[in-house]
Amino acid sequence: MRSEQPKTVYLKDYRAPDYLIDETHLTFELFEDHTLVHAQLVMRRNPAAGSGLPPLVLDGQQLELLSLAVDDVPLGEGDYQLGDSHLTLQPPRDEFVIDSSVRIHPESNTALEGLYKSSGMFCTQCEAEGFRKITFYLDRPDVMSKFTTTLSAVQKDYPVLLSNGNPIASGQEEDGRHWATWQDPFMKPAYLFALVAGDLWCIEDSFRTMSGRDVALRIYVEPENIGKLQHGMDSLKKSMKWDEEVYGREYDLDIFMIVAVNDFNMGAMENKGLNIFNSSCVLAHPETATDAAHQRVEAVVAHEYFHNWSGNRVTCRDWFQLSLKEGFTVFRDAEFSADMNSRTVKRIEDVAFLRTQQFAEDGGPMAHPVRPDAYMEISNFYTLTIYEKGAEVLRMIHTLLGAEAFRQGSDLYFDRHDGQAVTCDDFIKAMEDASGVDLAQFKRWYTQSGTPRLAVEEAYDPVAHTYSLTFRQSCPPTPGQEHKEPFVIPVAMGLLDAHGNELPLRLAGEDAADGTSRVLAVSAAEQRFTFVDVAHKPLPSLLRGFSAPVKLSFPYSRDQLMFLMQHDSDGFNRWEAGQQLSVQVLQELVDQHQRDEALSLDPRLIAALRSVLADESLDAAMVAEMLSLPAEAYLAELSEVADVDAIHAAREFARREISRELFDLLWARYQTCREASRTTPYAADAAQIARRSLQNIALSYLALAASDEVVDVCEEQFEHADNMTERLAALAVLVNSPFEAEKANALAKFADYFKDDALVMDQWFSVQAGSPLPGGLERVEALMHHPAFTLKNPNKVRALIGAFANQNHVNFHRLDGAGYRFLADQVIALNALNPQIASRLLTPLTRWRKFDSARQALMRGELERILASGELSSDVFEVVSKSLA
Ligand code: B3K
Ligand code: ZN
């Protein structure tokens, strides 16, 4: 808890560290009621930071100092200053050794930062600034050190003792304790330190690297979960191979370990050689994890593994550069997932997420550039902007440079900066030097926040046979940034003729046509591109593959969108045309609802979906994506003022109409898919995943008919499915149905069968929390008392409270404000337990400007109540105060 208003840290104040730590020797004595940490730091004056011997200021929080010595001379109380978060002393000379001993309390650490206990095991989370809760240190990423770590604990309770690097010694003590020493040969910042002690089992495998070295691979878990590790291991081996093939990057230690823990603030952590994972991101078994969960495991395992180069070997100079490692690594994992699964479907999922969530962040009070200039609490900056928009920025560089030059740029970057802590500018410089492309203007993507708008206008000259596209870009003001300079926006595009054929593209001034798809680099506020030799007026396909994170508008008619849905050669844009058509049609319904008119659905949407559904040659995953109407959150994001009830009513009406009009087709496709599921053993492969997505979305439409035959198939799927993907989908359909008896029966059966599996129970909570039926808040409040629920476990908080506030718009945004009050109560309770989770949970309340004045007042009222609730963590304080500003 803070005792004064948190301070803002500015990028412009960055200074190189005064001192460096060449070696770090740590000893942990782990006990049930405390832990002793001894640290020996071999230090020297940083030659790059000036002359003289300034005071040494070590970071340290919540540490009980037991002893302190410099060069073996014990320091007395007058020899140093000890504050809430720093220890200051005067070094005697350029090179010196500090020895400190502290006592800490992992057993009562509910913030899950630093060293803590989860389900009986000790584990750590140090990024960004958790290491200072373990020992006094220069806890900043540009201080890199060689770590040697010894841990000791009671052997029978903690048979496994792990840290970074390689095991170099171990032994027994009298009194049942044992110890192990690990050494990491690579220099690393403290945020990559990790330690684990517990009663764990592991599965083991190995990987032969491209230079012929064998690396031992181990995934550790509590004994009861040992059967859920194979998918994670397979994902790890695929990731290692992919990084060699696509980036030429080989793993560097002899051992790579992953540990699954149940209580974890985010998905996983890339600690050198010892990744620590939220169990939800590594455990997977067909009977307990859905297809989406399998894909998430594959992606997160890859992401953390890829950090070994993009993050660990080359790390960040300071936390303003966070996207240097996160944006790049998300881009890398997205490309990996695209290569392992359907590229188009992966892109659709990522773009839908970006446009719904990141665009909202970029338009809200917490908007910040990909490289922020200032923060109060760095934990608040692990955002969708740093991660997802950061990845889009990398994707744009890839698009502008081409795959080959991009690879040369990344080779140069890794080569030039191996072992260093660097900046986003260093990354760009490597890309420029390798490609010869000037990225000076492009760099505005790192410094300007907000989502650019790109309005496109066409003009066709039937005499001259020219077709021109005029692009006008603008970017709305964001906190601290009134005015924006033009971005470089890569627009991948093509032109279609009346038969849907792609036209050869020749811009005015070019000698000949070159290909049928182009990337236009729009760099001025207004810019025109003119194509020549265009015999008839074409239809443009713009922003293919979503080549830039912008809001593009082109005045397509509904008929043109239907045409693109069928003919665009770019799979992403076929889907996008369908989304735009749905958005237009749904917005019309919203208007009708607001005018109290009878709702009437444009039959063209039904016709378009009918032809998608009837086309058996289409990839089933694409059919499923095309059938999914834009989410309520996306429709809200597109509205000036989001009318929650009208959006819900409009979307539900459209779903019922689709169900009614296309019932027979949906029924037929459902039956075929379910029959295949019944007769083929489960595999988490692309073809089966596609089939199950289609099957499940078809079932969700069919269920709207509320007929007995549909309830029967639902129950059949729920009872007899051999996998969680089908079972959970059937459960969700029943939960959202009016069949009270069947619903209660399925929920009870499910909970009884899976009550001991925490991750499955998370899904059980989420399915109920997300149900838009009336009474949602009361159901969630009741579930808070369920024995499987606890506020202390972040997965539970996300599964129940997070799912309710983020996915259950009609219930959360109840007009009496009870949903807001409930969320604020939970934030206040969590502020004291786990500030990072409390601050994350707040997000929906920060979006108050999107809603009508009555709701705005209620949401603001709750933010003010949180602000006045007492001692706020810096995490919660920053988000609340910025939201109210
Ligand atoms: N680097 C970690 C995130 C740490 C968040 C700390 N609050 C996971 C990842 O992005 O791979
Ligand atoms: Zn990451």
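In this text, all values refer to a predicted model and were calculated from it rather than measured experimentally.

To continue, consider the overall build of the chain. When its secondary structure is counted, the chain shows 28 helices and 32 strands. Relative to its length of 885 residues, the chain is compact, with a C-alpha radius of gyration of 28 Å against a globular reference of 29 Å. Each principal axis of the C-alpha distribution contributes one length, and for the chain these read about 85 × 70 × 60 Å. Looking at the 885 residues of the chain, the share that counts as buried comes to 58%. Residue pairs in contact within the chain that sit at least 24 positions apart in sequence constitute 70% of those at least 6 positions apart. Of the roughly 33,300 Å² of accessible surface on the chain, 51% is carried by carbon and sulfur atoms. Positive and negative charge centroids in the chain, built from 83 and 130 side chains respectively, lie 2 Å apart.

Here we come to the sheet that holds strand β30 (residues 526-531). A sheet is described by the order of its strands in space; here 4 strands give the open sequence β30-β27-β26-β32, paired in mixed fashion. Both edges of this open sheet fall to β30 and β32 (551-553), since each of them pairs with a single strand only. Mean inter-strand twist for the sheet, computed between neighbouring axes without regard to direction, equals 20 degrees. Of the pairings in the sheet, the one linking strand β26 (residues 453-461) to β32 comprises 3 bridges and is parallel in character.

Time to look at the UniProt feature "domain: Peptidase M1 membrane alanine aminopeptidase" (unreviewed entry) in the chain. This chain's UniProt record puts "domain: Peptidase M1 membrane alanine aminopeptidase" (unreviewed entry) on residues 233-445. The span residues 233-445 is 55% helical and 9% strand by assignment, and the distance between its end C-alpha atoms comes to 36 Å.

Take the environment of A654 next. Tracing the sequence through the fold places A654 in helix α14 (residues 644-661). For A654, a relative accessible area of 0% translates into the label buried. Beyond its immediate chain neighbours, meaning those up to four positions away, A654 contacts L586, L589, L601 and L629.

For the rest of this paragraph, the subject is the sheet that holds strand β17 (residues 195-198). Spatial strand order, β10-β11-β17-β13: 4 strands in an open sheet with antiparallel pairing. Unpaired on one side and paired on the other, β10 (114-118) and β13 (160-163) mark the two borders of the sheet. Across this sheet, the average inter-strand angle for adjacent strands is 20 degrees, counted without regard to direction. Relative to β17, β13 runs antiparallel, the two being bridged by 4 bridges. Residue pairing for β17: V160 is matched across the bridge by G198.

Packing of helix α15 (residues 663-679) against helix α17 (residues 708-720) brings their axes to within 12 Å, and their N-to-C directions diverge by 20 degrees. Here α15 lies roughly parallel to α17, going by the angle between them. Crossing hand, α15 versus α17: left-handed. Contacts from F663, W667, Y670, Q671, R674 and R678 of α15 reach α17 at E709, V710, V713, E716, Q717 and H720. Among the residues making up the contact of α15 with α17, the classes are represented as 5 nonpolar, 3 polar and 4 charged.

What follows is about the site of ligand 1. With respect to spatial proximity, 14 residues lie near ligand 1, and among them E127, A268, E270, E304 and Y387 are the closest. Note that a nitrogen atom of ligand 1 is positioned 3.4 Å from one of the side-chain N or O atoms of K325. Contact distances for ligand 1 include 2.5 Å between an oxygen atom and a side-chain N or O atom of Y387. Taken by itself ligand 1 offers 340 Å² of open surface, and the protein chains cover 95% of this. When residues of the shell around ligand 1 are traced back to their parent elements, those giving at least two are β21 (268-269), α2 (291-306) and α3 (322-340). Broken down by class, the residue content of the shell around ligand 1 amounts to 6 nonpolar, 3 polar and 5 charged.

By size, the foremost hydrophobic cluster in this structure holds 207 residues, and its most contacted members are F531 and L731. Counting residues per element, this core draws most heavily on helix α10 (residues 571-594), at 9 residues. Lining this core are residues from two domains, each supplying at least three of them: domain 2 (453-553) and domain 3 (755-885). L731 has contacts with F718, A746, L747, F750, W764 and V767, leaving out every residue within four places of it along the chain. Membership of the second largest hydrophobic core comes to 73 residues, among which are I21, I98, F131 and Y191.

A word on the packing of aromatic side chains. Scanning the model with the defined rule gives 43 aromatic pairs in all. Judged by centre distance (6.2 Å) and plane angle (50 degrees), the ring pair of F546 and F572 falls under tilted. With a gap of 26 residues between them, F546 in the loop between β31 (539-542) and β32 and F572 in helix α10 connect regions that are remote in the sequence. Its relative accessible area of 3% is what places F572 among the buried residues. Over the ring of W848 we find R860; its NZ or CZ atom is 4.8 Å from the centre of that ring.

The sites that UniProt annotates as "domain: Peptidase M1 alanyl aminopeptidase C-terminal" (unreviewed entry) are residues 559-885. Structurally, residues 559-885 comprises 74% helix and 0% strand, and the distance from its first C-alpha atom to its last is 44 Å.

On to the packing of helix α4 (residues 343-362) against helix α5 (residues 384-401). One way to put it is that α4 packs onto α5 with a least axis distance of 10 Å and a crossing angle of 125 degrees. Taken together, the axis directions place α4 and α5 in an arrangement best described as oblique. The crossing of α4 and α5 is left-handed. In this structure, α4 contributes R347, F353, L354, Q357, Q358, E361 and D362 to the contact, and α5 contributes L384, T385, E388, K389, E392 and R395. For the contact of α4 with α5, a count of residues per class yields 3 nonpolar, 3 polar and 7 charged.

This part is about the domain arrangement of the chain. Along its sequence, the chain is carved into domain 1 (19-199), domain 2 (453-553) and domain 3 (755-885). One C-alpha centre belongs to domain 2, the other to domain 3, and the line joining them spans 42 Å.

A few words now on the pattern of salt bridges. For the structure shown, the criterion picks out 77 salt bridges. With a shortest N-O distance of 3.1 Å, D425 and K443 are connected by a salt bridge. With a gap of 18 residues between them, D425 in helix α7 (residues 424-435) and K443 in the loop between α7 and α8 (444-447) connect regions that are remote in the sequence. Overall, D425 belongs to the partly exposed group, its relative accessible area being 32%. Between E864 and R860 there is a salt bridge whose closest N-O contact spans 3.3 Å. Taken together, the residues E864 and R860, both in helix α27 (residues 853-867) and 4 residues apart, mark about one turn of the helix. For R860, a relative accessible area of 27% translates into the label partly exposed. Sharing partners across several salt bridges, the network here consists of R558, D559, E588, D602 and R604.

Right, let's get into the side chain of N312. By the secondary structure assignment, N312 is in the loop between α2 and β23 (315-316). Among the polar contacts made by the side chain of N312, one reaches the main-chain carbonyl oxygen of E270 at a distance of 3.0 Å. The residues touching N312, leaving out its near neighbours within four places in the chain, are L192, E270, N271, K272 and H307.

Conventions we followed
- Residues numbered from 1 in each chain as written.
- Chains lettered and ligands numbered in written order.
- Predicted model: local features only at pLDDT ≥ 70, side-chain atom pairs only at ≥ 80, totals over all residues.
- Heavy atoms only, no water.
- Helix = DSSP H or I, 4+ residues; strand = E, 2+ residues; numbered from the N terminus.
- Rg over C-alpha atoms; globule rule 2.2 N^0.38 Å.
- Buried < 20%, exposed > 50% of the residue type's maximum accessible area, 1.4 Å probe, protein only.
- Contact = heavy atoms within 4.5 Å.
- Areas by Shrake-Rupley, 256 points an atom, 1.4 Å probe, with all protein chains shown as cover.
- Lys, Arg positive; Asp, Glu negative; His and termini not counted.
- Charge placed at Lys NZ, Arg CZ, Asp CG, Glu CD.
- Pairing = 2+ DSSP bridges.
- Axes fitted to C-alpha atoms, helices over the stretch in contact; angles between N-to-C directions.
- UniProt positions renumbered as here; feature names shortened; annotations may be inferred.
- Parallel < 35°, antiparallel > 145°, perpendicular 65-115°, else oblique.
- Left-handed = near helix turned anticlockwise from the far one by under 90°.
- Nonpolar A, V, L, I, M, F, W, Y, C, P; charged D, E, K, R; others polar.
- Near = heavy atom within 4 Å.
- Polar contact = N/O pair within 3.5 Å; in protein donor to acceptor, adjacent residues only side chain to side chain.
- Core = buried A, V, L, I, M, F, W, Y, C linked by side-chain atoms within 4.5 Å.
- Domains from an automatic or database assignment.
- Phe/Tyr/Trp six-rings, centres within 6.5 Å; stacked < 30°, edge-to-face > 60°.
- Lys NZ or Arg CZ within 6 Å of the ring centre and 35° of its normal.
- Salt bridge = Lys/Arg side-chain N within 4 Å of Asp/Glu carboxyl O.

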